[in-house]
Amino acid sequence: MTARNRRLRSTENSEVTAPLEMSGVSHIVGDRMLLVDLELTVESGTSVAVTGPSGSGKSTVLMCALGLIRPDTGVVSVAGRDMVGLSAGQRARHRREHLGMVFQFGELLPELSPVENVALAGLLAGQGRRVAFERAEELLEELKVPVSRTVTGRLSGGERQRVAVARALVNQPAVLLADEPTGALDQRIRDQVCDILFDLPGTHGCALVVVTHDVEVASRADRRLELWNGVLREPREKGDTE
Ligand SMILES: Nc1ncnc2c1ncn2[C@@H]1O[C@H](COP(=O)(O)OP(=O)(O)OP(=O)(O)O)[C@@H](O)[C@H]1O
Ligand SMILES: [Mg+2]
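Residues numbered from 1 in each chain as written. Chains lettered and ligands numbered in written order. Predicted model: local features only at pLDDT ≥ 70, side-chain atom pairs only at ≥ 80, totals over all residues. Heavy atoms only, no water.

Caption draft 1: Layout of a negative patch on the surface. Together, E137, E138, E141 and E142 make up a region of like negative charge exposed at the surface. By the secondary structure assignment, E138 is in helix α5 (residues 129-142). (Patch = residues over 30% accessible without salt bridge, like charges linked within 9 Å, V, L, I, M, F, W, Y side chains within 5 Å. Areas by Shrake-Rupley, 256 points an atom, 1.4 Å probe, with all protein chains shown as cover. Salt bridge = Lys/Arg side-chain N within 4 Å of Asp/Glu carboxyl O. Lys, Arg positive; Asp, Glu negative; His and termini not counted. Charge placed at Lys NZ, Arg CZ, Asp CG, Glu CD. Helix = DSSP H or I, 4+ residues; strand = E, 2+ residues; numbered from the N terminus.)

Caption draft 2: Examining the pairing of strand β9 (residues 223-228) more closely. Of the strand pairs in this sheet, strand β3 (residues 47-51) and β9 are connected by four bridges, and their pairing is parallel. The residue of β9 that forms the bridge with V48 is R223. Pairing between β9 and strand β10 (residues 231-233): three bridges, direction antiparallel. Looking at the pairing, W228 lines up with V231 of β10. Linking β9 to β10, which pair antiparallel, is a turn of two residues; within it N229 sits at a positive phi near 50°. (Pairing = 2+ DSSP bridges.)

Caption draft 3: Structural view of the packing of helix α4 (residues 114-124) against helix α6 (residues 157-169). The geometry of α4 relative to α6 is characterised by a closest axis approach of 8 Å and an angle of 25° between their N-to-C directions. Classed by the angle they form, the pair α4 and α6 counts as roughly parallel. In terms of crossing hand, the pair formed by α4 and α6 is right-handed. The segment α4 lies against α6, with P114, N117, V118 and A121 engaging V163, A166 and R167. Among the residues forming the contact of α4 with α6, the class breakdown is five nonpolar, one polar and one charged. (Axes fitted to C-alpha atoms, helices over the stretch in contact; angles between N-to-C directions. Parallel < 35°, antiparallel > 145°, perpendicular 65-115°, else oblique. Left-handed = near helix turned anticlockwise from the far one by under 90°. Contact = heavy atoms within 4.5 Å. Nonpolar A, V, L, I, M, F, W, Y, C, P; charged D, E, K, R; others polar.)

Caption draft 4: Inspection of the site of ligand 1 at higher detail. Lining the immediate surroundings of ligand 1 are V29, R32, L34, P53, S54, G55, S56, G57, K58, S59, T60 and H213. Coverage of ligand 1 by the protein chains reaches 53% of its 650 Å² of free accessible surface. Here the shell around ligand 1 gets three residues from one element, more than from any other, and that element is helix α2 (residues 58-66). (Near = heavy atom within 4 Å.)

Caption draft 5: The pairing of strand β1 (residues 20-29), seen in detail. With seven bridges joining them, β1 and strand β2 (residues 32-42) adopt antiparallel strand pairing. By the bridge assignment for β2, V29 is matched with R32. Two successive antiparallel strands, β1 and β2, enclose a turn made up of two residues, where G30 displays a positive phi of approximately 60°. With five bridges joining them, β1 and strand β4 (residues 73-78) adopt antiparallel strand pairing. Its bridge partner lying in β4, S23 is registered against V75.

Spelled out as structure tokens, the structure:
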């Protein structure tokens, strides 16, 4: 676990807030109320899986947490600071320092090596060159990515996703977000990536939110929530009435 996240954890019982707290978040797109007074709190060292129908707003929730979408109302507190009230520049800095994101297809730069892809995120956040590259190599080793001069574009889907996880971790984020991180993988590789992802809150102390359509992936999280009619609720079993 990183020193910063240990500190966050050690103060959990005091007045310090959870690293991710979304409260009263509402957001309208077009003439549709997509998020309605949404609440979500994720503590350090724990994971939450979010499921829900396509188009229900799952990615939008993550974009709000990242500060890429500003909700119409509500508070999006990341590492104790409300993203909604920050300027674009402050939001970008806060995002780089406290949030990591893993996308469905990795979204890496294919012509760079895995180490360069991971180190780049550290350099952009202001880490020195030596620190960024050392940390990138350590993380790739931890996540068992074969570190070579091979460009990232030639790696398998599972290897690329592990590089994407390493990149998301390079700045020791308090909050790690993943949007369909296993959606493009076969079952065996999906399980390997899940093993890595759901271990991270324990090993790195971060709060993890995984959006997925896959119930098996969702079942790995400490807590499961479903986005339904703009709010996050406990998942209902099939056949339950609304
Ligand atoms: N700027 C916008 N203007 C109008 N509609 C939008 C805008 N942004 C998003 N939407 C709509 O909001 C809805 C929610 O989108 P979102 O991508 O969050 O859904 P999702 O739950 O992640 O779906 P999926 O499971 O398919 O990825 C969609 O119907 C989308 O078309
Ligand atoms: Mg989505």
